[in-house]
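Here is what each chain is made of, one letter per residue.
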Amino acid sequence: MPRTPLTPAVLNEQRAALGLAPYTGADEPAELRRAALDTVLAGIGTGGAEPSRPVVRGAVRYLLDRLAELAPGRSVEVRVPPHAAVQCIDGPHHTRGTPPNVVEMDAATWIALATGRSTWEDATATGRIRASGARADLTPYLPLPLD
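Just so you know, these numbers come straight off a predicted model, no measurement behind them.

1. Some thoughts on the overall build of the protein chain
Secondary structure summary: the protein chain contains five helices and four strands in total. For the protein chain, the α and β elements follow one another from N to C terminus as α-α-α-β-β-β-α-α-β. For 147 residues, the compact-globule estimate of 2.2 N^0.38 gives 15 Å, and the C-alpha radius of gyration of the protein chain, at 16 Å, lies within 12% of that figure. Burial statistics for the protein chain: of 147 residues in total, 41% are counted as buried. Counting contacts in the protein chain only where the partners sit at least 6 residues apart, residues at least 24 apart contribute 58% of the total.

Laid out in structure tokens, this is it:
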């Protein structure tokens, strides 16, 4: 099944369903992803329609990119299947196979953690995070500063 890309039209369809003003920014991936995050957060705040997959993917990717920017490195792999994965945090890194430090969760959990709507402790206690390896704890980096 082909992926639907995040475009201004896809984003605006979601924004219209939430009663938000249309996105008028640039058709650049980073700006679209930030707008996707804003759209997803607005939907959470209103209890509106479930966000479309491309909008969720854009929001997840924006937050993962932000994590990699703030915690550069390759010692931990953070996975949010099926949307995206990123390597981050300084330290020893792997070159082949499954990395020794992996954090995996669903999109809703990642968005909640990264934006401060949930804590690492709550998410791990309820089994929403699967983490393995001595360095697989993102607590020092969460929530992410978004600006």
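Still to come is the rest of the account.
2. A short note on the packing of helix α3 (residues 53-70) against helix α4 (residues 107-114)
Close contact between α3 and α4 brings their axes to 10 Å; oriented N to C, the two are set at 45 degrees. Considering their axes alone, α3 and α4 lie oblique with respect to each other. The hand of the α3/α4 crossing is left-handed. Residues Val56, Ala59, Val60, Leu63, Leu64 and Leu67 of α3 form the contact with α4, whose participating residues are Ala107, Trp110, Ile111 and Ala114.

3. Considerations on the packing of helix α1 (residues 8-17) against helix α2 (residues 29-46)
Interaxial distance between α1 and α2 falls to 10 Å at its minimum, and their mutual angle equals 10 degrees. With respect to their mutual orientation, α1 and α2 come out roughly parallel. When you trace α1 past α2, the crossing you get is left-handed. Together, Pro8, Leu11, Gln14 and Arg15 of α1 and Leu32, Ala35, Ala36 and Thr39 of α2 make up the contact between the two elements. Of the residues assigned to the contact of α1 with α2, the class counts are five nonpolar, two polar and one charged.

4. What to know about the pairing of strand β1 (residues 76-80)
With four of its five residues buried, β1 lies for the most part within the structure. In this structure, β1 lies alongside strand β2 (residues 84-88), joined through five bridges in antiparallel fashion. When the bridges of β2 are listed, valine 80 appears paired with alanine 84. Counting the residues that bridge the hairpin from β1 to β2 gives three residues. As judged from the three bridges shared by β1 and strand β3 (residues 102-105), these two strands associate in the parallel manner.

Conventions adopted
Residues numbered from 1 in each chain as written. Predicted model: local features only at pLDDT ≥ 70, side-chain atom pairs only at ≥ 80, totals over all residues. Heavy atoms only, no water. Helix = DSSP H or I, 4+ residues; strand = E, 2+ residues; numbered from the N terminus. Rg over C-alpha atoms; globule rule 2.2 N^0.38 Å. Buried < 20%, exposed > 50% of the residue type's maximum accessible area, 1.4 Å probe, protein only. Contact = heavy atoms within 4.5 Å. Axes fitted to C-alpha atoms, helices over the stretch in contact; angles between N-to-C directions. Parallel < 35°, antiparallel > 145°, perpendicular 65-115°, else oblique. Left-handed = near helix turned anticlockwise from the far one by under 90°. Nonpolar A, V, L, I, M, F, W, Y, C, P; charged D, E, K, R; others polar. Pairing = 2+ DSSP bridges.

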